[in-house]
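Residue-level listing of the chains:
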Amino acid sequence: MSPRARKRRVGLTRLSLYVRDQRGRMALLALAAAFTSGVQVGGWLLVGDAIDNGIRAHDTTRLDLDVAIYVGVNAVAWIVGSFLILGLAQLGQLIVLRLREHLFAHLTTLSLRYFSEQRAGWIISRITNDVDALSDVLSEGLSTLVGNVLTLTGAMVALAILDWRLALATLVILPPTLVVARWFQMRSHVAFADVRTRISALTAQIAESLAGMAVIQSYNREGEFRKQFGELNKANQRSNQHAQNLSSLFFPAIELFGVIATVAVLALGSRLYEDGTLTLGTLIAYIGLLSLIFQPLQELSELYGQVQSAAAAMEKITRVLDEQTEIASPADARRIDRVDGHVALEHVTFAYGRDPVLHGIDLDIPAGSCVALVGMSGGGKSTLARLVGRFYDPREGAVRVDGNDLREIDLVHYRRQLGVVLQDPFLFAGSIADNLRFAAPAASDELVEETARAIGLDRVAARFSEGLQHAVREGGSGLSAGERQLISIGRALLADPRILILDEATSNIDRPTEVLIEKALDRLLHGRTSIVIAHRLATVRRADEIVVLDRGRIVERASEAELMAAHGQFAALARDLAAPAPAAVD
């Protein structure tokens, strides 16, 4: 969606963008709504005619005709009304479906910076709670909204035509109705926006607590988190109560205005009837039509709270949809079907916030070679690797692959040739085989089994009766850190990337699994450009060149032998890397 389209449509009107291809259906539903509303208005006009020109005039033929027309059109209106309710509900759910798909698709295009700055629960609340708030209105309230608005409009026109004097009497309630409606609109908008905010905070706290439950229980912080939840839950209750209090004042006021209008019409109508300037049928029809104003108005008032809640939800959804995608392919992006893997960083400076994390980095990595990045924590190693993956763009300078600036090439095709193995690999719910196939969904069972054997993962799978089909729970719980890492390495090997990033892939691994992982790395690193953020000396020694980063600058770079002979920072780090319990260096 273009920025211009976003600016043209704000709030709930933006939802029309999701049904632009449904104009034919919408036109048909509009006709159905107009017909059912017209039948309700016309029904009271028939009642008036039946009384004046049928009953009072003792004309049974006219009376029978009015009754037949009344019954016939209402029977048709019942069928059309059922079609209308079903059609509007389907249209509403189509909007919800497309909105949720658009929202999730947009989230997948946002940079890692966005997700690092937003709580996961806040994002989850947008795609669940807020979309559900819209779904409630669109599924159940859309037919109420459309039908009552048309009925209200038609009844007002009919009242003005039927008798202008009674119409003037009805207008006495207009000024106070407008004042009360404006008061409710202003305060309820704020109230329902606060409700959405409270729900978001509650969802975020729940998501964070569930994700960190092991840490919470380890440090006996259950009580503190229950207290936080209780405070947020009470704040949510108070916010909802305030919104309901506003509604409890507004809805009875609308009913009261309806009573006042009816009394005014009866008082004036009785006098006009006695004067002989108003027929009984017209007066009864007018009272009936008056009910078609205040009954829809009451239903619309009850719906207004839902609409306000939906509008507040849409505002929050819009914030996400309007979030600019920082990392994207340009319109004229070059598509490189197969990269050689020559990586070069040219005068690269990068900052997450105000202060740079990398300062003028120059690094050339020939295709097929392996470079190890070492250094103390916070030195910029992982940041450098993320720039090569184009998860971020440099503030200054350029990251090039085969001479092409990453910002100028097609990102999708580039990442298909990129493999990443993280320190804490994430496994998805599914089987071990499903997780291996994550980067290569079309891989055959034979290729998956071959890859598992090549890295020793078949030994891990042999522990389970289902083998590679063993069900893995979300996050990989039930598997050791080493086993999860081995699956992650197998996933990268099956994808056969041209450029590989290993970010502390061998840290915190038990010795038996480390042996398997080291053998797997030999297979994985062969024949591809590799950037290894190293924690263990055995991994560092695989590199063709070792780069030492300190506070975002390259302070040393050479082979292991040359760096050890220089007795610099790497030599000092190597003593820690070789120790039985190595110190963290990232």
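As a reminder, the structure under discussion sits directly above these lines.
Read on for a plain summary of the structure. (Residues numbered from 1 in each chain as written. Predicted model: local features only at pLDDT ≥ 70, side-chain atom pairs only at ≥ 80, totals over all residues. Heavy atoms only, no water.)

On to the overall build of the protein chain, then. A tally of regular secondary structure across the protein chain gives 20 helices and 12 strands. Relative to its length of 586 residues, the protein chain is extended, with a C-alpha radius of gyration of 35 Å against a globular reference of 25 Å. Counting all 586 residues of the protein chain, 46% fall into the buried class. Long-range contacts, defined here as pairs at least 24 residues apart, represent 78% of the contacts in the protein chain between residues at least 6 apart. (Helix = DSSP H or I, 4+ residues; strand = E, 2+ residues; numbered from the N terminus. Rg over C-alpha atoms; globule rule 2.2 N^0.38 Å. Buried < 20%, exposed > 50% of the residue type's maximum accessible area, 1.4 Å probe, protein only. Contact = heavy atoms within 4.5 Å.)

The end-to-end C-alpha distance of helix α5 (residues 120–162), which contains 43 residues, comes to 59 Å, matching closely the 63 Å that a straight helix rising 1.5 Å per residue would cover. For α5, the principal kink sits at Gly141 and spans about 60 degrees. (Expected span 1.5 Å × (residues − 1). Bend = angle between axes of the 7 residues up to and from the residue.)

Attention shifts here to the packing of helix α14 (residues 445–455) against helix α16 (residues 481–495). Put simply, α14 and α16 touch, their axes get as near as 10 Å, and they point 125 degrees apart. On the basis of the axis angle, α14 is oblique to α16. In terms of crossing hand, the pair formed by α14 and α16 is right-handed. Between α14, through Leu447, Val448, Thr451 and Ile455, and α16, the contact on the second element is made entirely by Leu486, Gly490, Leu493 and Leu494. Among the residues making up the contact of α14 with α16, the classes are represented as 6 nonpolar, 2 polar and no charged. (Axes fitted to C-alpha atoms, helices over the stretch in contact; angles between N-to-C directions. Parallel < 35°, antiparallel > 145°, perpendicular 65-115°, else oblique. Left-handed = near helix turned anticlockwise from the far one by under 90°. Nonpolar A, V, L, I, M, F, W, Y, C, P; charged D, E, K, R; others polar.)

With that settled, the discussion passes to the sheet that holds strand β5 (residues 404–405). If you trace the 4 strands from one edge of the open sheet to the other, you get β2-β1-β4-β5, paired in antiparallel fashion. Each edge of the sheet is formed by a strand with only one pairing partner; in this case those strands are β2 (358–365) and β5. Pairing between strand β4 (residues 396–401) and β5: 2 bridges, direction antiparallel. Bridge pairing in β5 places Arg400 opposite Asp405. (Pairing = 2+ DSSP bridges.)

It is worth spelling out the pairing of strand β10 (residues 529–533) at this point. The buried count for β10 comes to 5 of 5 residues, which makes it a mostly enclosed element. Where burial is concerned, the two faces of β10 agree: the one with Thr529, Ile531 and Ile533 and the one with Ser530 and Val532 are both buried. Strand direction decides the pairing type here: strand β3 (residues 370–374) and β10, joined by 4 bridges, are parallel. Following the sheet pairing, Ala372 is matched in β10 by Val532. Both strand β9 (residues 499–503) and β10 contribute to a ladder of 5 bridges, which runs parallel.

Remember that the coordinates give geometry; whether it matters functionally is a separate question.
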